[in-house]
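# Inside the fold
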Amino acid sequence: MQNTISKVLMILLAVVAAREARGSVPIEVVYGVGRNKVAMKLWEDAETQLKNGDIENAHRNVEAALRSDPELYPALYTRANVFMRQHKYELAIQDCTEALRRDSTFVEAALLRASANAKLGRYAASLKEVEHVISIRPRIDGLARALGDRAWLRATCPDPSFRNGRQAIKDATTACKLMEWRDEDTIDTLAAAYAEAGDFDSAVRYEQEALGTKGISADDSKMFQYHLELYKQHRPYRETAAR
């Protein structure tokens, strides 16, 4: 669809500072000029509200955007993020799947679906999707996110058969380099990887670096501080699957 549009509008999809969608550098999505302006405004408002933690109004506006323009498929990704924050992981998977049906190159939707599957304890499915994204060599920020997500799973998965500290360190270090060491979530992932490998001094050092990242959100700061306290106690971080 996108390659038939002669004029494009670059829209920044702000990724919410939540564990469900790691990586806080905005995502660029190309969408056609001439689309329903009401729907576009509702979608943009939903993105801003989601970033600010106003989940209720974000949900209301993204639903209105999709009613106004059902073809605005990036709004499905936004609604999936809302569902993730509401712990409605199956609904998030449905929206990501539909977004990918409309645009198979929508890497962010694939990674969010992988995160939802991980939340549901479907670690093999999550890992398979992330590794597929890595294999297709997406643009730099997408590749960094995929490597970071694989590192996060390898470092924090409740199922020990999926954990691999050394591989997590390798992936997270590469992701940090791709993001030029300016993404707090990726650095936090590297800290978790070192903790899984038993190198708690490095885990503490990188967690402190993540906390010192410019523009870090209050939610991230609170979460990273919790991670830091764990690492100071020589305890790795573990995710928990939804019940």
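Since we're looking at a predicted model, the values are computed, not measured.

Conventions used here
- Residues numbered from 1 in each chain as written.
- Predicted model: local features only at pLDDT ≥ 70, side-chain atom pairs only at ≥ 80, totals over all residues.
- Heavy atoms only, no water.
- Salt bridge = Lys/Arg side-chain N within 4 Å of Asp/Glu carboxyl O.
- Helix = DSSP H or I, 4+ residues; strand = E, 2+ residues; numbered from the N terminus.
- Buried < 20%, exposed > 50% of the residue type's maximum accessible area, 1.4 Å probe, protein only.
- Axes fitted to C-alpha atoms, helices over the stretch in contact; angles between N-to-C directions.
- Parallel < 35°, antiparallel > 145°, perpendicular 65-115°, else oblique.
- Left-handed = near helix turned anticlockwise from the far one by under 90°.
- Contact = heavy atoms within 4.5 Å.
- Nonpolar A, V, L, I, M, F, W, Y, C, P; charged D, E, K, R; others polar.
- Phe/Tyr/Trp six-rings, centres within 6.5 Å; stacked < 30°, edge-to-face > 60°.
- Lys NZ or Arg CZ within 6 Å of the ring centre and 35° of its normal.
- pLDDT = per-residue confidence, 0-100.
- Core = buried A, V, L, I, M, F, W, Y, C linked by side-chain atoms within 4.5 Å.

### Regarding the pattern of salt bridges
Scanning the model with the defined rule gives 17 salt bridges in all. Linking Lys41 and Asp45 is a salt bridge whose minimum nitrogen-to-oxygen distance equals 2.9 Å. Taken together, the positions of Lys41 and Asp45, both in helix H1 (residues 37–51) and 4 residues apart, correspond to about one turn of that helix. Classification of Lys41 as partly exposed rests on a relative accessible area of 47%. In this structure Asp45 comes out as partly exposed when scored by relative accessible area, which is 25%. Put simply, Glu196 and Arg163 hold a salt bridge, and the shortest N to O gap is 3.4 Å. With a gap of 33 residues between them, Glu196 in helix H9 (residues 184–196) and Arg163 in the loop between helix H7 (140–156) and helix H8 (165–178) connect regions that are remote in the sequence. The partly exposed category is assigned to Arg163, whose relative accessible area is 22%.

### Here's the deal with the packing of H1 against helix H3 (residues 74–85)
When two helices pack together, their arrangement is given by the angle between the helix axes and by the axis-to-axis distance. Across the interface, H1 lies against H3 with an axial gap of 10 Å and an inter-helix angle of 30 degrees. It follows that H1 is roughly parallel to H3 by the angle criterion. In this structure, H1 crosses over H3, and the sense of that crossing is left-handed. Here H1 contributes Trp43, Ala46, Glu47 and Leu50 to the contact with H3, which in turn contributes Pro74, Ala75, Thr78, Asn81, Val82 and Arg85. Residue classes in the contact of H1 with H3 are distributed as 6 nonpolar, 2 polar and 2 charged.

### Digging into the packing of aromatic side chains
Scanning all chains against the criterion turns up 7 aromatic pairs. Centre to centre, the rings of Trp152 and Tyr237 are 5.5 Å apart; their planes meet at 35 degrees, and the pair counts as tilted. Taken together, the residues span a long stretch of sequence, with Trp152 in helix H7 and Tyr237 in the segment after helix H11 (218–232) at a distance of 85 residues. The same class applies to Trp152 and to Tyr237, which are both buried. Counting every residue linked through ring pairs, the aromatic cluster contains Tyr73, Tyr77 and Phe106. The positively charged end of Arg205 is found above the aromatic ring belonging to Tyr206, 4.5 Å away from the centroid.

### A word on unusual backbone geometry
The phi angle at Arg137 is positive, at roughly 50 degrees, despite the residue not being glycine. Here Arg137 is to be found in the loop between helix H6 (123–135) and H7. Here Arg137 falls in the exposed class, since its relative accessible area comes to 58%. One non-glycine residue, His234, lies in positive phi territory at about 60 degrees. Considering the arrangement of structural elements, one finds His234 in the segment after H11.

### Here's the deal with the confidence of the model for the protein
This prediction gives the protein a mean pLDDT of 88; 85% of its residues lie at or above 70. Confidence drops under pLDDT 50 across residues 1–20; counting only partners more than four residues distant or on other chains, this segment forms 63 contacts.

### Considerations on the nonpolar core
Residues Leu72, Phe106 and Ala109 are the most contacted members of the largest nonpolar core, which totals 40 residues. At the level of secondary structure, the elements contributing two or more residues to this core comprise H1, helix H2 (55–68), H3, helix H4 (89–102), helix H5 (107–119), H6 and H7. Looking at which element gives the most residues to this core, the answer is H5, with 7 residues. Formed by 25 residues, the second largest nonpolar core is a distinct cluster that contains Ala191, Ala192, Ala210 and Leu211.

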